[in-house]
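A structural walkthrough
Here is how the chains run, residue by residue.
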Amino acid sequence: FRSYRQQLGLEGVRLHDAVALLAVTHPELFTTQQAAVDVETAGELTSGQTVFDRRHVTQAAANADVATDVNVAGVIDAILTGLE
């Protein structure tokens, strides 16, 4: 908690790694759609930022399944069950 507050000004802890694992082991908890995704490495937009092309008309090919919705109660239950 201290690190998140000191570094990011946030109260709480982000569980992105645990949720990413759940997306693989419990895909039924997530709604996904295919999208064109890239990571900015040249610093032209923001170095290290993940960029999603969400335009309806695009030349970019879909290359990733992106979670667009999550069953929050199901994810919390799965995390807490895993801690038992």
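In case you missed it, the structure is sitting above this.
Structural notes, computed from the coordinates. (Residues numbered from 1 in each chain as written. Predicted model: local features only at pLDDT ≥ 70, side-chain atom pairs only at ≥ 80, totals over all residues. Heavy atoms only, no water.)

**Points about the overall build of the protein**
The number of helices and strands found in the protein is three helices and three strands. Listing the helices and strands of the protein from first to last along the sequence gives α-α-β-β-β-α. Seen through its principal axes, the protein has C-alpha atoms that stretch 45 × 35 × 15 Å. For the protein, buried positions account for 17% of its 84 residues. Long-range contacts, defined here as pairs at least 24 residues apart, represent 57% of the contacts in the protein between residues at least 6 apart. Carbon and sulfur atoms make up 53% of the accessible area of the protein, which totals about 6900 Å². (Helix = DSSP H or I, 4+ residues; strand = E, 2+ residues; numbered from the N terminus. Buried < 20%, exposed > 50% of the residue type's maximum accessible area, 1.4 Å probe, protein only. Contact = heavy atoms within 4.5 Å. Areas by Shrake-Rupley, 256 points an atom, 1.4 Å probe, with all protein chains shown as cover.)

**Considering the pattern of salt bridges**
Under the definition given, this model contains two salt bridges. Across the pair arginine 5 and glutamate 11 runs a salt bridge whose closest N-O atoms are separated by 3.3 Å. Among the residues examined, arginine 5 registers a relative accessible area of 40% and is labelled partly exposed. Between aspartate 53 and arginine 55 there is a salt bridge whose closest N-O contact spans 2.8 Å. Given the relative accessible area of 18%, aspartate 53 is considered buried. Among the residues examined, arginine 55 registers a relative accessible area of 57% and is labelled exposed. (Salt bridge = Lys/Arg side-chain N within 4 Å of Asp/Glu carboxyl O.)

**Quick word on a nonpolar patch on the surface**
On the surface, a nonpolar cluster with roughly 470 Å² of combined accessible area is contributed by Val70, Val72, Ile76, Leu80 and Leu83. In terms of residue count, the dominant contributor to the nonpolar patch is helix α3 (residues 72-83) (four residues). (Patch = residues over 30% accessible without salt bridge, like charges linked within 9 Å, V, L, I, M, F, W, Y side chains within 5 Å.)

**As for the sheet that holds strand β2 (residues 50-53)**
The strands making up a sheet associate through hydrogen bonds between their backbones, and the pairing can be parallel or antiparallel. What the three strands build is an open sheet, ordered β2-β1-β3; its pairing is antiparallel. Strands at the two margins of the open sheet, each flanked by one partner only, are β2 and β3 (64-70). Adjacent strand axes in the sheet meet at a mean angle of 55 degrees when their direction is disregarded. Pairing of strand β1 (residues 30-39) with β2 involves four bridges; the strand directions are antiparallel. In the sheet register, aspartate 38 faces β2, and the bridge partner there is valine 51. (Pairing = 2+ DSSP bridges. Axes fitted to C-alpha atoms, helices over the stretch in contact; angles between N-to-C directions.)

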